[in-house]
Amino acid sequence: MSEEGAHSCLLCGATDATVLCEFPELTWVSCRCGLIYKLSDALPAVEYEEDYFVSRKNVRRQYNTRNQRRIRKSRSQILDVLNHVEPGPLLDIGCAHGHTLLAARELGLSATGVDISDHAVSFCGELGFETKIGTMERLPFPDGSFQIAVMKHVLEHTRTPREALREIRRVLRPGGGLFIAIPHAGYWKARIDPMGYRFFRPEFHGREHYFYYTPRTLARLLKQESYDPVHLPHPHVIHRRVGAAERAAEIAIAPFRVAAQQTRSALSLYKEFWVVATR
Ligand SMILES: [Zn+2]
């Protein structure tokens, strides 16, 4: 038990989580249900403005020179959702520099962005997308506005993921789908050396993240919030809604991709995982 006082697990309610790693600024605990969570910390809130997107070296590289790769990845993620739901308007929560919005446009979907950052909202606005300021717990849209919601590396940034999932459910239509990409608590570096790994360290993601999930714990949370997790944790290798040539190519390499996924999974090489859940 930690010295921070009573705390209970968001997922299972247990109060006996054990300390995973402890820094002067913050403490991470691990519950027997598999959920990893941060106890209250004394760090200032993270500002998600332009600096967040462009000032860090690795982030600049990701956002400014890997655009095409990121748009392709987003396209494949949206296609994963479209294996399970009918096409329809898409909302990207945490739309950043618009890679998902651009991919949705390529696929012929109407795409809207929401972000807590003024920088992201004006950036996506300049790309021609309707984009609004909002948080995942408070989305500025009427009930049932969207068929697809996408949340990539966003849910781990809130202390109140249940409120976020309820709010997203509100703006989704019945039969709509939610796509989540999120860090994998079982990633080998996080398991072998939590004190040394950036997931937990206060100067890296330890500052901005509150929970670390596995496919199992996130599926449990989604079910508790009335979603139906229909696909996880790896990408689909075959997509329904692509042209014949692209699907033939997917089918040809599917066995190799499945084998690669199984190997990566067995070796805990997945730093993130993907979930599609329907409403
Ligand atoms: Zn628990």
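A few points on the structure. All values reported here derive from a predicted model rather than from experimental measurement. (Residues numbered from 1 in each chain as written. Predicted model: local features only at pLDDT ≥ 70, side-chain atom pairs only at ≥ 80, totals over all residues. Heavy atoms only, no water.)

Bringing the coordination of the zinc ion into the picture now. Protein coordination at the zinc ion: the donors are Cys9 (SG), Cys12 (SG), Cys31 (SG) and Cys33 (SG), at 2.2 to 2.3 Å from the metal. Viewed at the metal, the four donor atoms of the zinc ion are separated by angles of 101 to 114°, and the geometry they form is tetrahedral. Donor residues for the zinc ion sit on one chain with the sequence pattern C-x2-C-x18-C-x1-C. A residue pair is termed long-range when its members are at least 10 positions apart, and Cys12 in the segment before strand E1 (18-22) and Cys33 in the loop between strand E2 (27-30) and strand E3 (36-38) qualify at 21 residues. On the basis of relative accessible area, Cys12 is assigned to the partly exposed category, the value being 30%. (Donors = N, O, S within 2.8 Å, 3.2 Å for Na, K, Ca; no water. Tetrahedral: all angles 85-135°; square planar, octahedral: opposite > 155°, others 65-115°. Helix = DSSP H or I, 4+ residues; strand = E, 2+ residues; numbered from the N terminus. Buried < 20%, exposed > 50% of the residue type's maximum accessible area, 1.4 Å probe, protein only.)

Below, the discussion takes up a nonpolar patch on the surface. Taken together, Trp188, Ile192, Leu267 and Leu269 make up a surface patch of nonpolar side chains, about 400 Å² in accessible area. The topology assignment puts Trp188 in helix H7 (residues 188-192). For Trp188, a relative accessible area of 35% translates into the label partly exposed. (Patch = residues over 30% accessible without salt bridge, like charges linked within 9 Å, V, L, I, M, F, W, Y side chains within 5 Å. Areas by Shrake-Rupley, 256 points an atom, 1.4 Å probe, with all protein chains shown as cover. Salt bridge = Lys/Arg side-chain N within 4 Å of Asp/Glu carboxyl O.)

A separate point is helix H3 (residues 67-82). Taking 1.5 Å as the rise per residue, H3 with 16 residues should run 22 Å; its terminal C-alpha atoms sit 22 Å apart, in good agreement. For H3, the complete set of buried residues consists of Ile71, Ser74, Gln77, Ile78, Leu79, Asp80, Val81 and Leu82. Turning to H3, the residues buried within the fold contact strand E4 (90-93), helix H4 (99-106), strand E7 (146-152), strand E8 (172-183) and strand E11 (272-278). (Expected span 1.5 Å × (residues − 1). Contact = heavy atoms within 4.5 Å.)

Here the amide bond leading from Leu232 into Pro233 is cis, since omega sits at -5°, within 30 degrees of zero. Structurally, the position occupied by Pro233 is in the loop between strand E10 (228-231) and helix H10 (244-266). At Ala96, a position not held by glycine, the phi torsion is positive, near 50°. Relative to the helices and strands, Ala96 resides in the loop between E4 and H4. Here Ala96 falls in the buried class, since its relative accessible area comes to 9%.

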